[in-house]
Structures are given as C-alpha cells and as structure tokens.
Amino acid sequence: MRKLVVIAVVLAGLWSGYWFIGAKGVESAFTAWIEDRRAEGWVSQAEDISTQGFPNRFDTIFTGLELADPDTGLAWRADEFKILALSYQPNHVIAVWPGQQIVSSPLQNITFQADSFKGSLVFDPSPDLPLDRSSIVIENLTMQSNAGWTAGLEAGQIATRKSSVAPNRHDIHFEATGLLPASSFIQSFGDGNLLPPVFERALLKASVDFTGPWDRHAVETARPQITRIEITELDATWGELGLKAVGAVDVDERGIPTGEVAIKAKNWRKMIEIAEASGAIAPELVSTVTGALQFVAGLSGNSETLDVTLRLSGGAVFLGPIPIGAAPIIKIR
C-alpha cells in the first residue's frame, strides 16, 4: 500500500512538473510569436498572456490583443481572446472570440458583436501547423461598419475539412438562418419593398482549392488564394425567392473566375427587378435578359421557375451569348 502511495505521489509530481513547464512553454511561444510579428513591422501587442487549466488543460487567455498586417492593411482588435486545449492533445484547440471585436481594413472598421462565437480547430502535428479541419459556430451576430452599413445573422456554422483527393483542397459546409445582408445592399433596391430584409436560410456545400496550405505561414506571410471552386449544393430562401446552384469555376491569379454554374431560380422575375434596382443589370439590358429568360423558363413547363446555366468568362457573366453583368473578383486579402 505504501508503495502505491509513493508511486501515486511521484506520478502526481511528475505530471504537475510537466503541466507547469508546458504552461510556461505555451505562454513563451505565444509571446515570441507576437514579438516576431512586431519585428516584421506589424502592430502586434497583448496587454497580458496567461495560461491556466491545471491539471489537464492549457487554456491561454489574451487580453488587450491587437494585430495589424502592414502588407494588407488588415487589423483585428479584441479585449479578450481564448485558446483552449487539452494538455495531452495540444494540436486540437477551441478558440473563443469575445462578445465584441473589431476588424479594420484601409476602407472601413467593422465591429462584430455576438452572443457566442466559438470554433474547434484541429491541426496536423507538425511545426507549420497546417489546418486539418475546423468548425465555427456563431449565434446572434451583428456587424456594424463605420462606412454606414449593418449586417448579421441569427445562427451560423461553417465547417471545413482538408480533402484527401487533392493537395490544398478543403471541403466547406456553411449554413445560416436569419441572415441579414448588408443594409447598403438592401437600400440599393430603392424603396426596400422588393424583399424582406432577412434570408430565412442559406446553405452552401463546396470544395475549394488554394495556392498553398492554411498553416501558420498563411497568417504570418500571405493568405493562400483560391484557384478553383466546385459548388455541390447552394440552396437559399429569401422571401418569395428560391435559389439553387451547382457548378465549378477556375480562378486565375487576378481573381477572375472562369466556368459554368447551373442555376434553378424560383420567382426569377423578382430577381430581375432586384438586379435592375441594385444596378447589377444595366437598364438597357433588362428587356433583352427578361425576354431570354422567359423563353428558357417556358421550356421547362413552369414559367415561374428558371433552369439556366450561367457562363463566367473574361471577367463577365453570360446567359448564352448575352453578357448580363460583371463576374466577381475572388481575392483573399
């Protein structure tokens, strides 16, 4: 019995030593990372970094955290940020963002306010910490910009998983309810009566290829850029409108997409009204586009539902041979 007690005391002492050494190591690593960014010209500071959670966790709390990348002009400020990990599984962390945080760019400052903003991230156990999978859950988020717009969502989740099919490919699942688009977008409709202000539901399943891995260098040096997007399911409901889409586009180094996306749209005439009101379709093209879509919709036997393939090429979106608007530029700052 005495031997068992001695063994237990020794093991407890060894584990305590491991935890305290590990906790100090975690704090030192984060402190060194912040100092390294500052040496590279970043604004990089934290009022305090502390690790707690004895005996089984390394829970690190940052207070007064501020990071700003001089190359992109992006900055992030948070009064408190937590990285939580089991002491015996440090490559799987829980990130807890604060109730309020500010993201800035050269164009605007955006204040994020949420009841809950948490993420689970699992990294491969290597020095570069490439991301294997992640899941972020958000509840009651509002975004307010000093450029004059607001947006938000009631509930949202985004999950990613590194694909085994191709290098630097991630499978992505995004789902949101009560999605409130930017108020400036809604106001572009004119009187604002074309649609309710909130998406009831939005779902996206896609595979995305990047120029490189999402690892620590993606934060420290440059963000990987998108080279291909394969949409396996897009399903959104917004008032009387219903939209489904599948397709794939390749993205060049300028961020210009090329490919085809098959669209199934319910109440498509309302979409034309919205596109015209927001300036997405030039007034002189409205009659031509409406006539072409009416012909296509009639082929399906339901004039209110449209099945059509959009072609993206040369920086424009085409319906058959007709250009109907500019293609989005897909770039990650």
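Reading guide: rules and limits
- Residues numbered from 1 in each chain as written.
- Predicted model: local features only at pLDDT ≥ 70, side-chain atom pairs only at ≥ 80, totals over all residues.
- Heavy atoms only, no water.
- Helix = DSSP H or I, 4+ residues; strand = E, 2+ residues; numbered from the N terminus.
- Buried < 20%, exposed > 50% of the residue type's maximum accessible area, 1.4 Å probe, protein only.
- Contact = heavy atoms within 4.5 Å.
- Core = buried A, V, L, I, M, F, W, Y, C linked by side-chain atoms within 4.5 Å.
- Phe/Tyr/Trp six-rings, centres within 6.5 Å; stacked < 30°, edge-to-face > 60°.
- Lys NZ or Arg CZ within 6 Å of the ring centre and 35° of its normal.
- Pairing = 2+ DSSP bridges.
- Salt bridge = Lys/Arg side-chain N within 4 Å of Asp/Glu carboxyl O.

1. What about the overall build of the protein?
A count of helical and extended segments in the protein gives five helices and 17 strands. A buried classification covers 38% of the 333 residues belonging to the protein. Restricting to contacts in the protein with at least 6 residues of sequence separation, those with at least 24 account for 51%.

2. Let's talk about the nonpolar core
Core analysis: the biggest nonpolar cluster contains 28 residues, and Trp-76, Phe-81, Trp-97 and Ile-138 have the highest contact counts within it. Residue assignment for this core shows that the elements contributing at least two residues are β3 (57-68), β4 (75-86), β5 (89-96), β7 (109-123), β8 (131-145) and β9 (150-162). It is β7 that provides the largest number of residues to this core, a total of six residues. Setting aside chain neighbours within four positions, we find Trp-76 in contact with Leu-65, Glu-66, Leu-67, Phe-81, Trp-97, Gln-101, Ile-102 and Val-103. The next biggest cluster of nonpolar side chains, apart from the first, holds 27 residues, and it includes Val-208, Ile-229, Trp-268 and Ile-330.

3. Some points on the packing of aromatic side chains
Scanning all chains against the criterion turns up eight aromatic pairs. Aromatic side chains Trp-33 and Trp-42 sit 6.4 Å apart centroid to centroid with 75° between the ring planes, which places their arrangement in the edge-to-face category. Judged by its relative accessible area of 23%, Trp-33 falls in the partly exposed class. Geometrically, the ring pair formed by Trp-76 and Phe-81 is edge-to-face, given 5.2 Å between the ring centres and 85° between the ring planes. Using a relative accessible area of 17% as the deciding quantity, one classes Trp-76 as buried. Every member of this aromatic cluster is reached through a ring pair, and the members are Phe-30, Phe-62, Trp-76, Phe-81, Trp-97 and Phe-117. Here Arg-37 stacks its cationic end above the ring of Trp-33, 4.9 Å away from the centre of that ring. The lysine or arginine in question, Arg-311, covers the ring of Phe-318, its NZ or CZ lying 4.4 Å from the ring centre.

4. Quick look at the pairing of strand β15 (residues 305-313)
As paired elements, strand β14 (residues 257-266) and β15 share eight bridges and run antiparallel to each other. Bridge pairing links Ala-265 to Leu-306 in β15. As judged from the four bridges shared by β15 and strand β16 (residues 316-319), these two strands associate in the antiparallel manner. Directly across from Leu-312, in β16, lies its bridge partner Val-317.

5. A short note on unusual backbone geometry
Where the residue is not glycine, phi is negative for most of them; where a peptide bond is considered, it is trans in most cases. The peptide bond linking Phe-54 to Pro-55 adopts the cis configuration, its omega dihedral lying at 15°. Summarising the element assignment, Pro-55 is placed in the loop between β2 (48-52) and β3. Residue Leu-129 is not a glycine yet carries a positive backbone phi of 55°. Within the secondary structure, Leu-129 is located in the loop between β7 and β8.

6. Observations regarding the pattern of salt bridges
Opposite charge on two side chains lets them pair, provided their charged atoms get close. Applying the stated rule across the entire model yields 19 salt bridges. Between Asp-59 and Arg-57 there is a salt bridge whose closest N-O contact spans 3.1 Å. Between Arg-133 and Asp-132 there is a salt bridge whose closest N-O contact spans 2.8 Å. Judged by relative accessible area, Arg-133 falls into the partly exposed class, the value being 33%. One salt-bridge network, in which partners are shared between bridges, spans Arg-37, Glu-40, Asp-128, Arg-216 and Glu-220.

7. Some thoughts on the pairing of strand β13 (residues 241-251)
Bridge count between strand β12 (residues 226-238) and β13: nine bridges; the pairing is antiparallel. Along β13, the bridge assignment pairs Asp-235 with Lys-244. Hairpin geometry of β12 and β13 is characterised by an intervening segment of two residues between the two adjacent antiparallel strands and by a positive phi of about 60° at Gly-239. As judged from the ten bridges shared by β13 and β14, these two strands associate in the antiparallel manner. What sits directly across from Ala-245, in β14, is Ile-263. Counting the residues in the hairpin turn of β13 and β14 gives five residues, including Gly-255, whose phi is positive at 90°.

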